[in-house]
Amino acid sequence: MNEYLKYLDRIEFVVTMCCTGKCKHCSEGEHTAGSPHIDTDIAVKSIKDVCSRYDIRSLMTFGGEPLLYPETVTAIHRTAYEMGIPQRDIITNGYFSKDKNRVKQVASMLRESHIQRVMLSVDAFHQETIPLEPVEFFADILKENGVYVEISPAWLVGRSADNPYNAITSELLGKFAAKGFEIGSGNVIFPQGNALKYLGEYFNEGEVVSNPYEESPYDIRSLCISCDGSALNGNLYEKDVLQLIEEYSPK
């Protein structure tokens, strides 16, 4: 077993970097370029292969907006369920189709995939470019299907910080709380990409902030697979995941 991954217990899929929002807090930037999406068969095989060697405890899909490719997302989560991964989450902005019948279909697909938690991004930043009504509709349909929904906001500076964005976010969350949805802790915006470009005044100039989502390359606990197949200094379209794990060495 590769010593740098001996404690691996999580798999993450960046399904696509295409997105239906243009959020000024996004650490990934503008999302103006095209993006591939992860191949479904390769994703499914990778989950099975990793689970054959490691005790994987959690799996997450996100993007971009992952539900632009719901067939891929649900195949991933169905496989995770079949492999006994206990925690299975998706992060979505909830706005992937204007067709309500398609939204209902996707909600049903998510239920059938045994997804454990839908983390729905709702806050001042998402709702600047994403209309609230279809997001509420999606949340309601998920609830009707028995799928657990947790509202996951982005906070600027901190949850208790007094600024116009957090005030709007709190108002939006109140609408979902009134309908019985659980409000999660969400996350605090990291100064990178659009966040640094558009919200720089809220961060301390010159302050070096470590990325809370980056792991030590000498102790990989989470295998992150990008939408182009890249992972662990290699690519799943060239080598299978167990070979990438075996060959991995920090650069």
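Scroll up a little and you will see the structure.
Nothing here was measured: the structure is a model prediction, and the numbers come from that model.

Colleague: Quick question: what am I supposed to make of the pattern of salt bridges here?
Modeller: Two side chains bearing opposite charge may form a pair once their charged atoms approach each other closely. For the structure shown, the criterion picks out 13 salt bridges. Note that Asp49 and Lys45 form a salt bridge whose closest N and O atoms lie 2.6 Å from each other. Taken together, the residues Asp49 and Lys45, both in helix 1 (residues 40-51) and four residues apart, mark about one turn of the helix. The buried category is assigned to Asp49, whose relative accessible area is 17%. Lys45 sits in the partly exposed class, given a relative accessible area of 43%. Salt-bridge contacts for Asp55 lead to Arg57; the nearest nitrogen and oxygen are separated by 3.2 Å. Residue Asp55 is classed as exposed on the basis of its relative accessible area, which comes to 53%.

Colleague: Would you explain the side chain of Asn93 in this entry?
Modeller: With respect to the helices and strands, the residue Asn93 is situated in the loop between strand 3 (87-92) and helix 3 (100-112). A distance of 3.1 Å separates polar atoms of two side chains, one belonging to Asn93 and the other to Thr20. Among the polar contacts made by the side chain of Asn93, one reaches the main-chain amide nitrogen of Tyr95 at a distance of 2.8 Å. Those residues in contact with Asn93, other than ones at most four positions away along the chain, are Cys19, Thr20, Gly21, Glu65, Leu120, Ser121, His126, Ile130 and Val135.

Colleague: Can you help me understand the side chain of Thr169 in this one?
Modeller: Relative to the assigned elements, Thr169 resides in helix 5 (residues 164-177). Among the residues examined, Thr169 registers a relative accessible area of 0% and is labelled buried. A polar contact of 2.9 Å, which involves the side chain of Thr169, links it to the backbone nitrogen of Ala124. Among all residues touching Thr169, those that are not within four sequence positions of it are Val122, Asp123, Ala124, Pro153, Ala154 and Trp155.

Colleague: Would you take a moment to explain the environment of Asp99 for this structure?
Modeller: Examined against the element boundaries, Asp99 turns out to sit in the loop between strand 3 and helix 3. On the basis of relative accessibility, which here comes to 41%, the residue Asp99 falls in the partly exposed class. On a C-alpha basis, the gap between Asp99 and Pro134 in space is 9.5 Å, while along the polypeptide they are 35 residues apart.

Colleague: In this structure, what is going on with the nonpolar core? I would like to understand it.
Modeller: Proteins that are soluble and globular tend to have nonpolar side chains buried together. With 56 residues, the main nonpolar core has Leu8, Phe13, Val50, Leu120, Phe138, Phe176 and Ile245 as its most contacted residues. In terms of residue count, helix 4 (residues 132-144) provides more of this core than any other element does, seven residues in total. Excluding residues that lie within four positions of it along the chain, Ile245 makes contacts with Asn2, Leu5, Leu8, Val50, Tyr54 and Leu232. Listed in part, the nine residues of the second largest apolar core include Ala124, Leu156, Tyr165 and Ile189.

Colleague: Before we go on, may I ask you to explain helix 1 in this structure?
Modeller: For an α-helix the count is 3.6 residues per turn, leaving residues at separations of three or four pointing the same way. Counted at 1.5 Å a residue, the expected span for helix 1 with its 12 residues is 16 Å, and the 17 Å between its end C-alpha atoms agrees. Every buried residue of helix 1 is accounted for by Ala43, Val44, Ser46, Ile47, Asp49, Val50 and Cys51. Turning to helix 1, the residues buried within the fold contact strand 1 (10-16), strand 2 (58-63), helix 2 (70-82), strand 9 (222-225) and helix 7 (241-247). If you check the start of helix 1, you find a side-chain oxygen 3.1 Å away from the backbone N of Asp41, and it comes from Asp39.

Colleague: Is there a simple way to explain the packing of aromatic side chains in this structure?
Modeller: What describes a pair of aromatic rings is the distance from one ring centre to the other and the angle between the planes of the rings. Applying the stated criterion to the full structure yields six aromatic pairs. Both rings, one in Tyr4 and one in Tyr248, keep their centres 6.1 Å apart while their planes meet at 85°; by these two values the pair is edge-to-face. Of this pair, Tyr4 sits in the segment before strand 1 while Tyr248 sits in the segment after helix 7, and the two are 244 residues apart along the sequence. A relative accessible area of 7% places Tyr248 in the buried class. Between Tyr165 and Tyr202 the ring centres are 6.1 Å apart and the planes differ by 75°, which places this aromatic pair in the edge-to-face class. Within this pair, whereas Tyr165 is found in helix 5, its partner Tyr202 is found in the loop between helix 6 (194-198) and strand 9, the two being separated by 37 residues in sequence.

Colleague: I'm lost on the packing of helix 2 against helix 3 in this one. Help?
Modeller: Geometry of a packed helix pair, given as the angle between the helix axes and the separation of the axes. At a minimum axis distance of 9 Å, the contact between helix 2 and helix 3 shows a crossing angle of 15°. Between helix 2 and helix 3, the angle falls in the class roughly parallel. Considering the relative orientation of helix 2 and helix 3, their crossing is right-handed. For the pair formed by helix 2 and helix 3, the contact residues are Pro70, Glu71, Val73 and Thr74 on the first element and Arg102, Val106, Met109 and Leu110 on the second. For the contact of helix 2 with helix 3, a count of residues per class yields five nonpolar, one polar and two charged.

What counts, and at which threshold
- Residues numbered from 1 in each chain as written.
- Predicted model: local features only at pLDDT ≥ 70, side-chain atom pairs only at ≥ 80, totals over all residues.
- Heavy atoms only, no water.
- Salt bridge = Lys/Arg side-chain N within 4 Å of Asp/Glu carboxyl O.
- Helix = DSSP H or I, 4+ residues; strand = E, 2+ residues; numbered from the N terminus.
- Buried < 20%, exposed > 50% of the residue type's maximum accessible area, 1.4 Å probe, protein only.
- Polar contact = N/O pair within 3.5 Å; in protein donor to acceptor, adjacent residues only side chain to side chain.
- Contact = heavy atoms within 4.5 Å.
- Core = buried A, V, L, I, M, F, W, Y, C linked by side-chain atoms within 4.5 Å.
- Expected span 1.5 Å × (residues − 1).
- Phe/Tyr/Trp six-rings, centres within 6.5 Å; stacked < 30°, edge-to-face > 60°.
- Axes fitted to C-alpha atoms, helices over the stretch in contact; angles between N-to-C directions.
- Parallel < 35°, antiparallel > 145°, perpendicular 65-115°, else oblique.
- Left-handed = near helix turned anticlockwise from the far one by under 90°.
- Nonpolar A, V, L, I, M, F, W, Y, C, P; charged D, E, K, R; others polar.

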